[in-house]
Amino acid sequence: DARVTQTPRDKVTEMGQEVTMRCQPILGHNTVFWYRQTMMQGLELLAYFRNRAPLDDSGMPKDRFSAEMPDATLATLKIQPSEPRDSAVYFCASGLGQVVDTQYFGPGTRLTVL
Amino acid sequence: DQQVKQNSPSLSVQEGRISILNCDYTNSMFDYFLWYKKYPAEGPTFLISISSIKDKNEDGRFTVFLNKSAKHLSLHIVPSQPGDSAVYFCAARRRSNYQLIWGAGTKLIIKP
């Protein structure tokens, strides 16, 4: 049963702390997306990778957010320093191909920054 | 500016009746439209899609209609079942870079 996994599922931290979220895409998928969902907005694309190379990270606040794919089985999203406005659910999704028609989502990481 | 809009935050429908979820988009730069369904504490899952060259696509109880002149998309669920209670997201794919632009979601509640 192939699925995208994300850790941690829930994270509560204090303002100023570093937060790292991890994602394991479906084996064989070559495209990975990071999204953020807040109460009032839909899914907001933060960054995405194809074949481990970053293609677009224009949705991320560059001063505090960074996304990487150390290898094909791991994607990370880091926030340093975290702020209360970063509180949201962060989703990772993976897909296959140049044009990804269907994205497969992980369960999300619910981040609360106090 | 929201390029993909779902103007109804929630919708309540009687079990067995038709559920109609709506989505509007602001311009013609999209070539593909998708609906995803999301249960609490889970990620969205793909439901149904339609290419911009078509006006209808059907899959079992789910039908998506596309009205390009009105820039309007709708998802019909017939008949509605309790398991359909979820948040439904509309997404549109950009022609230029294939990125998905998402609506804010509509929470569908199916009443027994």
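Note that the structure is predicted; figures quoted are calculated from it, not measured.

Novice: How should unusual backbone geometry be read in this particular structure?
Specialist: It is generally the case that most residues other than glycine have a negative phi and that most peptide bonds are trans. In this structure, the amide linkage connecting Gln80 of chain A to the following residue, Pro81 of chain A, adopts the cis form with an omega of -5°. Along the chain, Val78 of chain B connects to Pro79 of chain B via a cis peptide bond; the corresponding omega equals -15°. The topology assignment puts Pro79 of chain B in the loop between strand S8 (72-77) and strand S9 (86-94). Not every positive phi belongs to a glycine, and Arg52 of chain A is a case in point at roughly 75°. Taking the relative accessible area as the measure of exposure, Arg52 of chain A reaches 41% and is therefore partly exposed. In the Ramachandran plot, Ala41 of chain B falls in the positive-phi region, its phi being about 65° despite a non-glycine side chain.

Novice: Got a minute to help me understand the confidence of the model for chain A in this structure?
Specialist: Reading fine detail from the predicted coordinates is not recommended where pLDDT is low. Residues of chain A with pLDDT of at least 70 account for 98%, and the chain-wide mean is 92. For chain A, strand S6 (residues 53-56) of chain A is the element with the lowest average pLDDT, namely 89, and strand S3 (residues 19-24) of chain A is the one with the highest, namely 98.

Novice: Sorry if this is basic, but what is going on with the sheet that holds strand S8 (residues 74-79) of chain A here?
Specialist: Strand-to-strand pairing in sheets goes through backbone hydrogen bonds, with the strands running parallel or antiparallel. All names here are of chain A. Taken in spatial order, the 4 strands make up an open sheet running S1-S3-S8-S7, and their pairing is antiparallel. A single partner strand is all that each edge strand has here, and the edge strands are strand S1 (5-7) and strand S7 (65-71). Here the average twist between neighbouring strands, direction ignored, is 20°. Bridge analysis of S7 against S8 gives 5 bridges, and the strand direction is antiparallel. Bridge pairing links Ala67 to Leu77 in S8.

What counts, and where the lines are drawn
Residues numbered from 1 in each chain as written. Chains lettered and ligands numbered in written order. Predicted model: local features only at pLDDT ≥ 70, side-chain atom pairs only at ≥ 80, totals over all residues. Heavy atoms only, no water. Helix = DSSP H or I, 4+ residues; strand = E, 2+ residues; numbered from the N terminus. Buried < 20%, exposed > 50% of the residue type's maximum accessible area, 1.4 Å probe, protein only. pLDDT = per-residue confidence, 0-100. Pairing = 2+ DSSP bridges. Axes fitted to C-alpha atoms, helices over the stretch in contact; angles between N-to-C directions.

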